[in-house]
Amino acid sequence: MSHRTHRRRFGTAGAVLASAALVVSLAACSGQASAETDGSASGTVTIGAHTNGAGTETTLKVATVEKIRDELPASVKSKGTLVIGVGALPAGFPPLAFTGDDQKTLTGSEPDLGRLVAAVLGLKPEIKNATWDNLFVGIDTGATDVGFSNITDTEQRKEKYDFASYRKDELAFTVLKKSTWQFEDDYRTLAGKTVAVSSGTNQEKILLEWKTKLAAEGKTLDIKYYPDANSTWLALNSGKIDASFGPNPTAAYQNTQSASSANPTRTAGTYSGAGASLQGLIAATVKKGSGLDKPIADAINHLIETGQYAKWLKAYNLSNEGLPTSEVNPPGLPLDNQ
C-alpha cells in the first residue's frame, strides 16, 4: 500500500492535505499493538462507526453464506474467529484505518471490509492493530489470519503471500474545487504546472518520469516537496502549487473534510499506482498456502453481488476504486517496478 517505496500506499505525510490538528483528532492511536473483537449484532455490520466524518455510518445486514464458510480451512472454521491485521500504528491513516472518536474503536474502510468478510464467513472478527512491519510478522507466524491494510498486490510479495483483490490501487491529483484543470489521463496536461508530491514514494517516481518526458518535448513540470500535510495544504490553498499527487484515499478524505470550508478540494484525475502498463490492485493478504485466499475472495464477490460492497465504498467516498470482481492472485506489480 505503499506509503513509501515499499508499497503501503496509505496516506503519506506530505500527501495528506487535511490540517494537522484534524488528522491528530481522528487518527490518535495507542502506542501499543491492540486487539479488538467487533461488537456488531448478529447478522449486521456497522461500517463508518466513530469516523468523525471520514466515513458515513451505515448498518448493513450480512448473512453467513454456508457454501463459502465450508471453504474455510478446518482450523479457522473451528476456532470461530477471523483475526484481521491492520498496520495502522502509530498514527493511523484516515479514511483507511485509524482509532475512532470514541478513542478505542479501530475504524476505517480497511477494518470495516474485514468485518464484512468475517460476517459472510460466519466468523467473529478480531481486529489486531500493529505497525506496518509487525502486520506481516503476524501473518507470517499465523497469529493473524489476514491483512486488510491497503496492501498492494506485487509479484515479489507473492513469494510469501496469497492475495484476494478488493480495490483498485489508485493515485489522485487533488486541486482546489474552483480550479478548472483536469489530468485527463495524459501527462501532457501537466505542462507548465506546479505539483506537490512526497519524496521517496511511487507517485514521485511516476511524476519524475513525466517531467523527463515533458522536458524532452521542451515543456516544464515543477515538482515541489513539503515537510508535512499542513504545509502541502497551505501551499495549495495559497496558489503556490496547482495540485498535489498522492494516494486516492487520501484525496477522497481531503475532499470530504474540506467540503464545507472556504476552499474545498476535488479530485482532478486518477492514475494506476502500478503505472501505465497495469492496473494496480489492493488485496487481502494471507500466508501462502493457508487456504484462506479463495474463501475470502468468494466472500468479497458475494458482497459485490449483493450490493454491500458498493455501499462500503460509498461510505468512504471510494467508489472510484471499485472492482467488478475479486480475484485470487491476479497479476501484481512486476518485479522491475518495485
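Summarised in this report is the structure supplied together with it. (Residues numbered from 1 in each chain as written. Predicted model: local features only at pLDDT ≥ 70, side-chain atom pairs only at ≥ 80, totals over all residues. Heavy atoms only, no water.)

### A closer look at the side chain of Ser-149
Argument step 1. On the secondary structure map, Ser-149 appears in the loop between β8 (146-147) and β9 (161-168).
Argument step 2. For Ser-149, a relative accessible area of 0% corresponds to the buried category.
Argument step 3. One polar contact links the side chain of Ser-149 to the main-chain amide nitrogen of Gly-87, over a distance of 2.9 Å. (Helix = DSSP H or I, 4+ residues; strand = E, 2+ residues; numbered from the N terminus. Buried < 20%, exposed > 50% of the residue type's maximum accessible area, 1.4 Å probe, protein only. Polar contact = N/O pair within 3.5 Å; in protein donor to acceptor, adjacent residues only side chain to side chain.)

### Concerning the side chain of Asp-145
Argument step 1. With respect to the element layout, Asp-145 can be found in the loop between α5 (132-141) and β8.
Argument step 2. Within the structure, the side chain of Asp-145 is placed 2.9 Å from the side chain of Lys-79, a separation counted as a polar contact.
Argument step 3. There is a polar contact of 2.7 Å between the side chain of Asp-145 and the backbone nitrogen of Val-83.
Argument step 4. Contacts of Asp-145, omitting those with residues within four sequence positions, involve Val-76, Lys-79, Thr-81, Leu-82, Val-83, Thr-285, Val-286 and Leu-292. (Contact = heavy atoms within 4.5 Å.)

### A short note on the pattern of salt bridges
Argument step 1. Across all of its chains, the model carries 14 salt bridges by this definition.
Argument step 2. Of the charged contacts in the structure, one is a salt bridge between Arg-167 and Glu-110, with a shortest N-O distance of 3.2 Å. Of this pair, Arg-167 sits in strand β9 while Glu-110 sits in helix α4 (residues 109-120), and the two are 57 residues apart along the sequence. Take Arg-167 and Glu-110: they sit in the same class, and that class is buried.
Argument step 3. Glu-217 is the partner of Lys-219 in a salt bridge, and the nearest nitrogen-oxygen pair spans 3.9 Å.
Argument step 4. Bridged by salt links that share partners, the residues Glu-71, Lys-294 and Asp-298 form one connected network. (Salt bridge = Lys/Arg side-chain N within 4 Å of Asp/Glu carboxyl O.)

### A look at the sheet that holds strand β11 (residues 194-196)
Argument step 1. The strand order across the open sheet formed by 5 strands is β12-β11-β13-β10-β14, and the pairing between neighbours is mixed. At either margin of the open sheet sits one strand with a lone partner, and together these are β12 (222-224) and β14 (265-272). When the angles between neighbouring strand axes are averaged without regard to direction, this sheet yields 30 degrees.
Argument step 2. Relative to strand β13 (residues 243-247), β11 runs parallel, the two sharing 2 bridges. From the neighbouring strand, Ala-196 faces β13, where its bridge partner is Ser-244. (Pairing = 2+ DSSP bridges. Axes fitted to C-alpha atoms, helices over the stretch in contact; angles between N-to-C directions.)

### Looking at the pairing of strand β15 (residues 281-287)
Argument step 1. The buried fraction of β15 amounts to 6 of the 7 residues, a majority that puts the element mostly inside the structure.
Argument step 2. Summarising the sheet, β9 and β15 pair through 7 bridges and their orientation is antiparallel. Within the sheet, the bridge partner assigned to Arg-167 lies in β15 and is Ile-282.

### Let's talk about unusual backbone geometry
Argument step 1. Here Leu-89 and Pro-90 are connected by a cis peptide whose omega angle stands at 10 degrees.
Argument step 2. Tracing the sequence through the fold places Pro-90 in the loop between β4 (81-86) and β5 (98-99).
Argument step 3. Between Pro-94 and the following residue, Pro-95, the backbone shows a cis peptide bond with an omega angle of 10 degrees.
Argument step 4. Mapped onto the elements, Pro-95 comes out in the loop between β4 and β5.
Argument step 5. With phi around 60 degrees, His-50 is a residue other than glycine that occupies positive phi space.
Argument step 6. The backbone of Glu-184 shows a phi angle near 60 degrees, a positive value even though the residue is not glycine.
Argument step 7. With respect to the helices and strands, the residue Glu-184 is situated in the loop between β10 (170-176) and β11.
Argument step 8. For Glu-184, a relative accessible area of 62% translates into the label exposed.

### Focus: the nonpolar core
Argument step 1. With 47 residues, the main nonpolar core has Leu-116, Val-117, Leu-121, Phe-148, Ile-296 and Trp-312 as its most contacted residues.
Argument step 2. No other element matches the 6 residues that α4 contributes to this core.
Argument step 3. Sequence-distant contacts of Val-117, that is, excluding residues within four places in its chain, are made with Leu-82, Phe-148, Ile-296, Ala-299, Ile-300 and Leu-303. (Core = buried A, V, L, I, M, F, W, Y, C linked by side-chain atoms within 4.5 Å.)

### Observations regarding the pairing of β4
Residues in a regular strand point their side chains to alternate faces of the sheet.
Argument step 1. Among the 6 residues that make up β4, 5 are buried, leaving the element largely enclosed by the rest of the structure.
Argument step 2. Two strands pair when backbone bridges link them, and β4 and strand β7 (residues 124-129) are joined in this way by 6 bridges, in the parallel orientation. Among the inter-strand pairings, Val-86 is bridged to a residue of β7, identified as Asn-129.
Argument step 3. Inspection of the sheet shows β4 paired to β8 by 2 bridges, in the parallel sense. Bridged to Ile-84 within β8 is Val-146.

### Looking at the packing of α4 against helix α9 (residues 293-306)
Argument step 1. Where α4 contacts α9, the axes come no closer than 9 Å and their chain directions differ by 100 degrees. By the angle between their axes, α4 is roughly perpendicular relative to α9. Contacts between α4 and α9 involve Leu-113, Leu-116, Val-117 and Val-120 from the first element and Ile-296, Ala-299, Ile-300, His-302 and Leu-303 from the second.
Argument step 2. Residues belonging to the contact of α4 with α9 are distributed by class as follows: 8 nonpolar, 1 polar and no charged. (Parallel < 35°, antiparallel > 145°, perpendicular 65-115°, else oblique. Nonpolar A, V, L, I, M, F, W, Y, C, P; charged D, E, K, R; others polar.)

### What about helix α8 (residues 248-258)?
Argument step 1. Here α8 lies mainly inside the structure; 10 of its 11 residues are buried.
Argument step 2. Listed as buried for α8 are Asn-248, Pro-249, Thr-250, Ala-251, Ala-252, Tyr-253, Gln-254, Asn-255, Gln-257 and Ser-258.

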